[in-house]
Amino acid sequence: MRRRLVVANWKMHGSLDSAQALLDGLVSCIGDSAVEVAVCPPFVHVPLAVSVTTDSAIGVGGQTCSEYDSGAYTGEVAAAMLADIGCDRVILGHSERRQYFAETNDQVALKAQAVRRAGLVPVLCVGETLEQREQGRAEEVVAEQLQALLAEPLQASDVIAYEPVWAIGTGKTASPEQAQQMHAFIRQFLRQHSAAEAEAIRLLYGGSVKAANAAELFAQQDIDGALVGGASLDATEFAAIIAAAQ
Ligand code: 13P
C-alpha cells in the first residue's frame, strides 16, 4: 500500500514574514496525518521551514539543486548542502526549470543521482506541453523523460510527479481520467524497467490542484498524491487538499 504524499511547491513566492505565517498556519492546521506532507520553499526560506516544522510531521525539500557535489559553480546549491540544513527531498526537472533554465532530460537524471548520493529523495517531474498533447505525443514525451531517468536504477523511495505543462498555474486541471490514464502509462513504463519498484514508487499529479478537485484526483487508482503550487500558499486550502488525501 503506497502512503499518500502531498508536496507544496512554493516556487519563488513569499517573504520571511509571509513564509513564517504560512508555516505557522500549516503546523496548526495539519496535525498527525496518515498522509505524508512536505513543503518546498525557496532556498533562503528552508532554514525557517525546518525550524518551524521541527516538531511536526511536515518534511522540507528544495525546488532544485546542482548535479555537482561541490566546486566552482557560482549560484548553485549542492544536494548535500540541502541535506545538511534539514531537507529530506528535492523537486527535480520541474517544467519551469526545463522551460526557463534549459534543463535537459540528461541533466535531470544527473541531478537525481546527486540527490540520491546525498541521501535525499528525488521528486522527479515529467509532463508534456499543450502542443505535444495536441500532436498526440504526450505519452511519447513522458516516456522519453522517464527513459533518461533510468540512467541509474530508480529506487522505491523515489517520487514521480506528472505535471502536464498546460495545467500548471492555468486553473485548467487534467480531468481525473486524463491524469489516471497518464499515471497508469507511467506505472506500466516503470513495471517494464524496474518491476519491483514500480508498485512502490509514488506518482503525484500536479497542475492546478486545489481543495475543490483534489478528492476526485485522489480517487484514481494510480494517483498517490499531489504536487501543489498556487494552492499551497494558503494554509487552509493546502490543509483541505491534505484532508482530501486521507
Ligand atoms: P499550480 O498548482 O499552481 O498549477 O502549480 C503546479 C506546480 O507546478 C507544482 O509544482
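Above this text you will find the structure in question.
Attention here is on the structure that accompanies the text. Not measured: the values here are computed from a predicted model.

Right, let's talk about the overall build of the chain for a bit. Tallying secondary structure elements over the chain gives eleven helices and eight strands in all. Taken along the three principal axes of its C-alpha coordinates, the chain extends 45 × 45 × 35 Å. Burial status across the chain gives 53% buried among its 246 residues. For the chain, the proportion of contacts with a sequence separation of at least 24, taken over those separated by at least 6, is 73%. If you sum the accessible surface of the chain, you get close to 10700 Å²; carbon and sulfur atoms cover 52% of it.

What follows concerns the site of the ligand. Looking at the ligand, the residues that line it are Asn-9, Lys-11, His-94, Glu-163, Ala-167, Ile-168, Gly-169, Gly-207, Ser-208, Leu-227, Gly-229 and Gly-230. With respect to the ligand, the side chain of Glu-163 contributes an N or O atom lying 2.9 Å from an oxygen atom. Gly-169 is positioned with one of its backbone polar atoms (N or O) 2.6 Å from an oxygen atom of the ligand. The protein chains hide 95% of the 310 Å² of surface that the ligand would expose on its own. Among the residues forming the shell around the ligand, the class breakdown is three nonpolar, seven polar and two charged.

Our focus in this paragraph is the packing of helix H1 (residues 16-29) against helix H11 (residues 235-245). Between H1 and H11, whose axes approach to 9 Å, the crossing angle comes to 35°. With respect to the hand of their crossing, H1 and H11 are arranged in right-handed fashion. Contact residues: H1 offers Leu-22, Gly-25, Leu-26 and Cys-29, while H11 offers Ala-235, Phe-238 and Ala-239.

On to the sheet that holds strand E2 (residues 36-40). Strand order in the closed barrel formed by eight strands is E1-E2-E3-E4-E5-E6-E7-E8, with parallel pairing between adjacent strands. Going across the sheet, the axis of each strand differs from the next one's by a mean of 25°, ignoring polarity. Across five bridges, the pairing between strand E1 (residues 5-9) and E2 is parallel. Paired with Val-7 across the bridge in E2 is Ala-38. Sheet strands touched by helix H8 (residues 176-193): strand E5 (121-126), strand E6 (159-162) and strand E7 (202-206). Its angle to E7, the strand with the most contacts, is close to 150°.

Relative to the helices and strands, Val-165 resides in the loop between E6 and H8. Along the primary structure Val-165 and Thr-129 are separated by 36 residues, whereas in three dimensions their C-alpha atoms are 4.9 Å apart. Apart from residues no more than four positions distant in its own chain, Val-165 is found in contact with Ser-95, Gly-127, Glu-128 and Thr-129.

With that settled, the discussion passes to helix H10 (residues 211-218). Along H10, the residues that are buried comprise Asn-213, Ala-214, Leu-217 and Phe-218. Angularly, the buried residues of H10 cover 135° about the axis, an arc narrow enough to put them on a single face. Lining the buried residues of H10 we find E1, H8, E7, strand E8 (225-228) and H11.

Its boundaries defined by the atoms lining it, the largest pocket holds a volume of some 400 Å³. Lys-11, Met-12, Gln-63, Arg-97 and Phe-101 are, among the 13 residues lining the largest pocket, the residues nearest its centre. The element best represented in the lining of the largest pocket is helix H4 (residues 95-100), accounting for three residues. Taken together, the residues of the lining of the largest pocket break down into six nonpolar, four polar and three charged.

Basis of the calculations
Residues numbered from 1 in each chain as written. Predicted model: local features only at pLDDT ≥ 70, side-chain atom pairs only at ≥ 80, totals over all residues. Heavy atoms only, no water. Helix = DSSP H or I, 4+ residues; strand = E, 2+ residues; numbered from the N terminus. Buried < 20%, exposed > 50% of the residue type's maximum accessible area, 1.4 Å probe, protein only. Contact = heavy atoms within 4.5 Å. Areas by Shrake-Rupley, 256 points an atom, 1.4 Å probe, with all protein chains shown as cover. Near = heavy atom within 4 Å. Polar contact = N/O pair within 3.5 Å; in protein donor to acceptor, adjacent residues only side chain to side chain. Nonpolar A, V, L, I, M, F, W, Y, C, P; charged D, E, K, R; others polar. Axes fitted to C-alpha atoms, helices over the stretch in contact; angles between N-to-C directions. Left-handed = near helix turned anticlockwise from the far one by under 90°. Pairing = 2+ DSSP bridges. Arc of directions from axis to C-beta. 1 Å grid on protein atoms, 1.4 Å probe; cavity = no way out; pocket = protein on both sides within 12 Å on 5 of 7 lines; lining within 4 Å. Points joined across faces, edges and corners; volume = space filled by probe spheres on them.

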